[in-house]
Amino acid sequence: MRLSTLGTVIGIAVGHELKGYGGVSLNFNDTNAGYSIQVDGDKWFESPADYSPGGWRKPLILNAKSISYGSGTDKNMGNYNSVSAQHLADGADWMLEATIKVFTEQSFVAFTSCYPKGAMNLQGAWSVDEVISAFPAFSIGSSTKNYLGWAGIQLLGTAVSKWADFAGGEQAGIPVLVHDQNLRSVMIGPYDNFLTSVHASRNGTSGTKIFAAGIKGSISVIPENFCHTTLMGFGQGVNSTLVSFGDQLLKRSGKERVDAKKDFVLSQLGYWTDHGAYYYHQHPNFSNAEAALLAVKADAKNRSIPIQYFQWDDWWYLQYKGDTGGLIEWQPKPQIFPSGMTKWLDMPLSLYVAEYNRYNIYVNDYKFAFDDKTNHSLPVDKQFYLDMFKNGTDIGMKMFEQDFLSGINEYTSLTNNDTHTGDDWLNAMGDAAKELGVSLQYCMMQPIHTLKSTEVYQVTNGRASRDAVGVPSFHLVLGMSGMLPYSTGIWPSADNVWTSAVEGTQTRAPPLYTNIIALLVGGPYGPSDEVGKLNKTTIMQTCRDDGLLLRADKPVTMVESAFRTGFVDAKPPAVWSAYSEIDGYRWGYIVGLDLSVDHPLLSSDINDFKNSTYRVFSYLSSEGMKQTTEMNAGTPFMIPACPEPGTQPPQLGHGYHVAAPLLNGGWYFLGEVGKIVSASTVRVKSVASDAATLTLQMEGVSNEVVQIGFIKPSSTSTSFFSCPTPTCSLKSCPVTIACSLSQCSCK
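Residues numbered from 1 in each chain as written. Predicted model: local features only at pLDDT ≥ 70, side-chain atom pairs only at ≥ 80, totals over all residues. Heavy atoms only, no water.

1. A closer look at the overall build of the protein chain
Okay, so step 1: For the protein chain, the count of helices and strands is twelve helices and 45 strands.
Okay, so step 2: Seen through its principal axes, the protein chain has C-alpha atoms that stretch 80 × 65 × 45 Å.
Okay, so step 3: Expressed as a percentage of contacts within the protein chain between residues at least 6 apart in sequence, the contacts between residues at least 24 apart total 68%.
Okay, so step 4: Of the roughly 26,000 Å² of accessible surface on the protein chain, 49% is carried by carbon and sulfur atoms.
Okay, so step 5: In the protein chain, 55 side chains carry a positive charge and 69 a negative one; their mean positions are 3 Å apart. (Helix = DSSP H or I, 4+ residues; strand = E, 2+ residues; numbered from the N terminus. Contact = heavy atoms within 4.5 Å. Areas by Shrake-Rupley, 256 points an atom, 1.4 Å probe, with all protein chains shown as cover. Lys, Arg positive; Asp, Glu negative; His and termini not counted. Charge placed at Lys NZ, Arg CZ, Asp CG, Glu CD.)

Pasting the structure below:
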């Protein structure tokens, strides 16, 4: 580490106990500034007794007279007890003030490092995986707990591992969620300065591994009065602890969770051309991409496939030697779009930029930050994005995708050499997008960008898996990787999908389950087939007749029982759930991937399921809603084993199941037939029932036929009823379906 661990413990004897909320307490040693954290009386964390000198500077010198205890109130987290201590850098003319706050109304502990005089002499070949000052730092080598860590490009490094094996660095997990087998959980992550934060790891002189949080070791200068906080959130359950942590980040910035139903791209059926799409960097049988996309639009219209917007990826504008060379000019290549930056497609659009070249045509007209070693730059000027986005909105842009966030972070110095450039860049982009009403997608994002999204109001979604090419095993990570975006208030995205298995000379796995996952993950849903191969049957399982997506209320995330089942070997099975909530009832959507054995699932195992009794059907079964199984707090639903079939082209073993809650009077409303999210709140507005009647308030396009499945009281057989929505001039036409024990009617 660049500097020392703050606090060395040789056994805490002289000090104080700071009691917090929910069984959390902290002991502080006045002699050496060491600390330990207890949860319900069990010691979970303790600052290290020693450290390795290899690459670590000498310890900061504790000014014992500076130790002070106090209390106060935080506007977001409430009352707290605190302890502060001043540390002087050995051989450097600067100091660090370290404060710990233990909150008494919510289960949080905050560690804040402040540099009143700044820190100037930090130059050196220090890695982004090191920290400048480790606060907090914990000995973890003897821990028996697991941790869920988010890491890597597109969050692909997300995994559950043994806490004692934490390796440190951007690829090892920031943030991390530590949990025991009973799923008592502690979330650790930055509360601010997200782009310059890191979690590091080193071995102490005794061989004990040390976890440390702080600012990246690559930062050369820390300005005066700079402060950084690491937040620890405590709770019962992995999902709920994570969401509680995200709620605090959102409270700090004032950003609200993204409502997908209010965002154009998240709520509408699109057509995508990202890596893996049929027309990505190619347009067989067409003279140019413009002709190919016009043909896609015409084909969709002729077959009543309600595509509402198009996404243009990295292949259309002027770059220097591709994405990593960077933007030269945000104008179409003439050979790609002969009609240029005009409304030739006459559709709403999602547009894109990867990296920015040092010598782009805009550098003399706007403020940029430069990396002359790699010939990259970043616009740190709101006016640049106002002008750029105005050019986009003039031709229909609804969303802007900033790609290659990881490349900018890892392969340039632009966002990891100082404490402000990364924030200046993304804030300028976000402010311009907010002014013009444009939403943002973060792509090739790392966890630090996901956390940063809590400060950028226009970010609505971010990629949480690799591009949709090759072996589909990338889907396995989505149930865990998507948990972090969801916790921070945005929607994870899976990438574009094919809806037909064979296109041109290419063959892929049966596509229905990849479309199910793409819809349930929650980001933009965009088929990407060649002309004539858009599978209408598959696509219409995701949306209304007008292209309005029938979504769940939250993305699929790992169920709690999976973390328990996979605790011993730190390999939780891929069992995920999402839900829709209507009038206090929750309908559940359950995915199982590559399961080697049956997985028992109780309603109490899934924090998404607030009701106790359900009937579950397999969406992919030929029986569908006709065959249901009861699940409750004592009777499990056995998710069938679905091992990888080992066929070509490769595919994952997969299952998808829908759980309908027991309603008042003994009814079950299984949902809309032939829709992946069978009880979407986009379609179903209210549900009421008693012993004699089931009444549904629903919405659809004028004259759209809605078919429902339901189970009557004291029955296990499924009944079906079809109802056309009335003719009306509204975008959404209301319809009421009323079913008695003998018949149904609609009006």
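2. So, the state of the cysteines
Okay, so step 1: Applying the stated criterion across every chain yields a total of four disulfides.
Okay, so step 2: Sulfur-sulfur distance for the disulfide between Cys-728 and Cys-733 comes to 1.8 Å. With the S-S bond torsion at -85°, the cross-link from Cys-728 to Cys-733 turns out left-handed.
Okay, so step 3: Residue Cys-733 is classed as buried on the basis of its relative accessible area of 0%.
Okay, so step 4: Disulfides within the protein chain link the bonded cysteines, taken in sequence order, as 1-2, 3-8, 4-5, 6-7. (Disulfide = S-S within 2.5 Å. Buried < 20%, exposed > 50% of the residue type's maximum accessible area, 1.4 Å probe, protein only.)

3. Looking at the nonpolar core
Soluble globular proteins tend to pack their nonpolar side chains together in the buried interior.
Okay, so step 1: Core analysis: the largest hydrophobic core is formed by 173 residues, its most contacted members being Trp-312, Trp-330 and Phe-400.
Okay, so step 2: No other element matches the seven residues that helix 10 (residues 512–521) contributes to this core.
Okay, so step 3: The contacts of Phe-400, once residues within four sequence positions are left out, are Trp-330, Leu-351, Tyr-352, Val-353, Tyr-356, Met-388, Phe-389, Met-429, Val-438, Ser-439, Leu-440 and Gln-441. (Core = buried A, V, L, I, M, F, W, Y, C linked by side-chain atoms within 4.5 Å.)

4. Details of the side chain of Thr-681
Okay, so step 1: By the secondary structure assignment, Thr-681 is in the loop between strand 39 (668–672) and strand 40 (684–689).
Okay, so step 2: Note on Thr-681: relative accessible area 12%, which makes it buried.
Okay, so step 3: At a separation of 3.0 Å, a polar atom in the side chain of Thr-681 contacts the side chain of Asp-553.
Okay, so step 4: If we ignore the near neighbours within four places in the chain, the residues touching Thr-681 are Lys-261, Arg-551, Asp-553, Ser-580, Glu-581 and Ile-582. (Polar contact = N/O pair within 3.5 Å; in protein donor to acceptor, adjacent residues only side chain to side chain.)

5. With respect to the packing of helix 4 (residues 382–393) against helix 6 (residues 421–436)
Okay, so step 1: It is at 8 Å that the axes of helix 4 and helix 6 come closest, and there the two elements cross at 45°. Between helix 4 and helix 6, the angle is such that the two are oblique. At the point where helix 4 passes helix 6, the crossing takes the right-handed sense. Of helix 6, the residues touching helix 4 (which contributes Lys-382, Tyr-385, Leu-386, Phe-389 and Lys-390) are Trp-425, Ala-428, Met-429, Asp-431, Ala-432, Ala-433, Glu-435 and Leu-436.
Okay, so step 2: The class makeup of the residues in the contact of helix 4 with helix 6 is nine nonpolar, no polar and four charged. (Axes fitted to C-alpha atoms, helices over the stretch in contact; angles between N-to-C directions. Parallel < 35°, antiparallel > 145°, perpendicular 65-115°, else oblique. Left-handed = near helix turned anticlockwise from the far one by under 90°. Nonpolar A, V, L, I, M, F, W, Y, C, P; charged D, E, K, R; others polar.)

6. Focus on helix 4
Okay, so step 1: Counted at 1.5 Å a residue, the expected span for helix 4 with its twelve residues is 16 Å, and the 16 Å between its end C-alpha atoms agrees.
Okay, so step 2: Of all the positions in helix 4, only Phe-384, Tyr-385, Leu-386, Met-388, Phe-389 and Gly-392 are classed as buried.
Okay, so step 3: Two or three places before Gln-383, at the start of helix 4, stands the capping residue Asp-381, its side-chain oxygen 2.9 Å from that residue's backbone nitrogen. (Expected span 1.5 Å × (residues − 1).)

7. So, unusual backbone geometry
Apart from glycine, the bulk of residues carry a negative phi angle, and the bulk of peptide bonds sit in the trans form.
Okay, so step 1: A cis geometry characterises the amide bond from Phe-135 onward to Pro-136, with omega recorded as 10°.
Okay, so step 2: Mapped onto the fold, Pro-136 is located in the loop between strand 8 (108–115) and strand 9 (137–139).
Okay, so step 3: Phi angles above zero are rare outside glycine, and Leu-155 is one such case at about 65°.
Okay, so step 4: Within the secondary structure layout, Leu-155 lies in the loop between strand 10 (146–149) and strand 11 (159–162).
Okay, so step 5: The class for Leu-155 is buried, based on a relative accessible area of 0%.

8. Focus on the confidence of the model for the protein chain
Okay, so step 1: In the predicted model, the protein chain carries a mean pLDDT of 91, and the fraction of residues at 70 or more is 94%.
Okay, so step 2: Scored below 50 in pLDDT, residues 1–13 shows 68 contacts in the model against residues more than four places distant or in partner chains.
Okay, so step 3: Low pLDDT, under 50, characterises residues 51–58; the predicted model gives this stretch 29 contacts beyond four residues in sequence or across chains. (pLDDT = per-residue confidence, 0-100.)

9. Structural notes on the environment of Gly-149
Okay, so step 1: One can find Gly-149 in strand 10.
Okay, so step 2: Considering only alpha carbons, one finds Gly-149 and Ile-188, 39 residues apart in sequence, at a separation of 9.9 Å.
Okay, so step 3: With near-sequence residues (within four places) excluded, Gly-149 lies in contact with Gly-157, Thr-158, Ala-159, Gly-173, Pro-175 and Val-176.

10. Observations regarding the packing of aromatic side chains
Okay, so step 1: Applying the stated criterion across every chain, the model contains 45 aromatic pairs.
Okay, so step 2: Lying over the aromatic face of Phe-567, Lys-162 brings its terminal NZ or CZ to 5.0 Å of the ring centre.
Okay, so step 3: The cationic tip of Lys-554 hangs over the ring face of Tyr-486; the distance from NZ or CZ to the ring centre is 5.3 Å. (Phe/Tyr/Trp six-rings, centres within 6.5 Å; stacked < 30°, edge-to-face > 60°. Lys NZ or Arg CZ within 6 Å of the ring centre and 35° of its normal.)

11. Some remarks on the sheet that holds strand 1 (residues 15–19)
Okay, so step 1: If you walk across this open sheet you meet the four strands as 1-2-3-4, and the pairing is antiparallel. Of all the strands in the sheet, the pair left with one neighbour each is strand 1 and strand 4 (42–46). Strand-to-strand twist across the sheet, computed as the mean angle between neighbouring axes with direction ignored, equals 25°. (Pairing = 2+ DSSP bridges.)

12. With respect to the environment of Ile-67
Okay, so step 1: As for its position among the elements, Ile-67 is in strand 5 (residues 61–74).
Okay, so step 2: C-alpha of Ile-67 to C-alpha of Thr-99: the two residues are 32 residues apart in sequence and 9.6 Å apart in space.
Okay, so step 3: If near-sequence neighbours (up to four positions away) are discounted, Ile-67 is found in contact with Phe-28, Asp-30, Leu-62, Val-83, Ser-84 and Ala-85.

13. Considerations on the sheet that holds strand 27 (residues 459–463)
Backbone hydrogen bonds are what pair the strands of a sheet, in a parallel or an antiparallel way.
Okay, so step 1: The strand order across the open sheet built from seven strands is 17-18-21-25-26-27-28, with neighbouring strands paired in parallel fashion. Strands at the two margins of the open sheet, each flanked by one partner only, are strand 17 (270–271) and strand 28 (491–493).
Okay, so step 2: Bridge analysis of strand 26 (residues 439–442) against strand 27 gives three bridges, and the strand direction is parallel. Across the sheet, the residue bridging to Gln-441 is Asn-461, located in strand 27.

14. Notes on the pattern of salt bridges
Okay, so step 1: Across all of its chains, the model carries 27 salt bridges by this definition.
Okay, so step 2: Ionic pairing is found between Arg-683 and Glu-672, a salt bridge with its closest N-O pair at 2.9 Å. A residue pair is termed long-range when its members are at least 10 positions apart, and Arg-683 in the loop between strand 39 and strand 40 and Glu-672 in strand 39 qualify at eleven residues. Accessibility classification places Arg-683 together with Glu-672 in one group, the buried group.
Okay, so step 3: Each of Asp-40, Asp-42, Asp-180 and Arg-184 takes part in one network of salt bridges that share partners. (Salt bridge = Lys/Arg side-chain N within 4 Å of Asp/Glu carboxyl O.)

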